[in-house]
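So the chains spell out like this:
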Amino acid sequence: GAGVSQSPSNKVTEKGKDVELRCDPISGHTALYWYRQSLGQGLEFLIYFQGNSAPDKSGLPSDRFSAERTGGSVSTLTIQRTQQEDSAVYLCASSPPNYNEQFFGPGTRLTVL
Amino acid sequence: QQPVQSPQAVILREGEDAVINCSSSKALYSVHWYRQKHGEAPVFLMILLKGGEQKGHEKISASFNEKKQQSSLYLTASQLSYSGTYFCGTELVGSGNTGKLIFGQGTTLQVKP
């Protein structure tokens with residue numbers, strides 16, 4: 001079956017521009033997570049959705065970062081006024097209701113020039 | 001709050017064994033283990049739950065010491081395909097069984113012929 005998909009796979013943008021990153025989770029997965037992975041680093045938690053609500057936004061680095069999820073499915077992570085330190089791979093994962101295994105998408109590599 | 005993994009890196013010959021450790025300063029509800037190959041998304045290996053339940057792959061085993069808030073991943077008779085970066089993800093007691101994971105910095109494993 002189809003896995004988690006993310007788009008775009010690569011995004012190069014100029015400092016100060018806004019970007020939108022998209023995540024399509026596995027059908028039926030109620031939980032959705034966004035992580036950020038900087039070069040050679042671990043996975044940094046950003047935000048978590050249960051259905052369309054985000055009970056935990058504690059990992060968002062600043063108010064330039066926001067995310068939404070519609071229809072209990074697709075999620076969009078928006079970064080406003082991008083900075084060079086935002087450059088990283090942004091990974092999305094989804095999980096069935098038992099919250100056991102997280103299935104990761106291939107990620108979006110964001111480069112801010 | 002981020003768990004600490006050790007060692008940071010290990011090099012093995014095929015057939016040798018390895019142990020990767022994950023230690024947290026917080027009370028843990030569960031520990032998840034993932035493997036990430038270069039340029040790919042992390043892939044689930046195992047989950048260890050408070051109370052002793054384990055779910056994962058046959059050829060990989062792990063332990064979870066609830067009192068010490070530590071987990072160890074045991075890789076036996078290593079194969080070339082085991083190469084990659086291993087991450088532990090910890091779910092804290094009190095997080096509400098949301099699947100929100102705080103990941104360690106990773107352990108890079110290289111298996112040579």
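Presented here is a report on the structure given in the accompanying data block. (Residues numbered from 1 in each chain as written. Chains lettered and ligands numbered in written order. Predicted model: local features only at pLDDT ≥ 70, side-chain atom pairs only at ≥ 80, totals over all residues. Heavy atoms only, no water.)

### Comments concerning the nonpolar core
Most often, soluble globular proteins have nonpolar side chains that are buried together. Inclusion rule: Think of a nonpolar core as a cluster: buried Ala, Val, Leu, Ile, Met, Phe, Trp, Tyr and Cys residues, connected wherever their side-chain atoms sit within 4.5 Å. Burial here depends on accessible area, computed with a 1.4 Å probe over protein chains only, as a share of the maximum for the residue type. Under 20% is buried, over 50% is exposed, and the range in between is partly exposed. Per the convention used, a helix needs a DSSP run of H or I reaching at least four residues, while a strand needs a run of E reaching at least two, with both numbered from the N terminus. Any two residues whose heavy atoms approach within 4.5 Å are treated as being in contact.
In terms of nonpolar packing, the biggest core is built from 21 residues, with Trp 33, Leu 45, Leu 73, Leu 75, Tyr 86 and Leu 109 of chain B touching the most fellow members. Put simply, the parts of the chain that give this core at least two residues each are strand 3 (18-23), strand 4 (28-36), strand 5 (43-49), strand 7 (60-65), strand 8 (70-75), strand 9 (84-92) and strand 11 (107-112) of chain B. Beyond its immediate chain neighbours, meaning those up to four positions away, Leu 73 of chain B contacts Ala 18, Val 19, Ile 20, Trp 33, Leu 45, Ile 60, Ser 61, Ala 62 and Tyr 86 of chain B. Core analysis: the second largest hydrophobic core is formed by 19 residues, Leu 32, Phe 49, Leu 60 and Ala 88 of chain A among them.

### Remarks on unusual backbone geometry
Across the junction of Ser 7 of chain A and Pro 8 of chain A, the peptide omega takes the value -10 degrees, indicating a cis bond. The omega torsion of the bond from Ser 6 of chain B to Pro 7 of chain B falls at -5 degrees, within 30 degrees of zero and hence cis. Here the phi dihedral of Arg 81 of chain A falls at roughly 45 degrees; this positive angle occurs in a residue that is not glycine. Here Arg 81 of chain A lies in the loop between strand 8 (75-79) and strand 9 (88-95).

### Observations concerning the interface of chain B and chain A
Rules: A 1.4 Å probe defines the accessible area here, and the buried area is the portion of it lost by two parts on being joined, summed over both. Salt bridges are counted wherever a side-chain nitrogen of Lys or Arg sits within 4 Å of a carboxyl oxygen of Asp or Glu. In the analysis that follows, any N or O atom pair within 3.5 Å is treated as a polar contact, provided that within protein one partner can donate a hydrogen and the other can accept it, and provided that, for residues neighboring in sequence, both atoms belong to side chains.
Facing the 17 residues of chain B at the interface are 18 residues of chain A. Taken together, both faces of the contact between chain B and chain A bury some 1500 Å²; the carbon and sulfur share is 57%. For the salt bridge of Asp 56 of chain A with Lys 100 of chain B, the shortest nitrogen-to-oxygen distance reads 2.9 Å. Along the contact surface separating chain B from chain A lie five residue pairs in polar contact (both at pLDDT 80 or more). For the side of chain B that touches chain A, the secondary-structure elements that each account for two or more residues are strand 4 and strand 5 of chain B. No other element matches the three residues that strand 4 of chain B contributes to the side of chain B that touches chain A.

### A closer look at the pattern of salt bridges
Residue and element names in this part refer to chain A. In the structure shown here, the tally under the stated rule is five salt bridges over all chains. A salt bridge links Lys 17 to Glu 14, with the shortest nitrogen-to-oxygen separation between them at 3.9 Å. For Glu 14, a relative accessible area of 49% translates into the label partly exposed. Here Arg 64 and Asp 86 are joined by a salt bridge, their closest N and O atoms 2.8 Å apart. Remark: Asp 86 occurs in the loop between strand 8 and strand 9 and Arg 64 occurs in the loop between strand 6 (53-56) and strand 7 (65-69); sequence separation between them is 22 residues. The exposure classification of Arg 64 matches that of Asp 86, with both residues buried.

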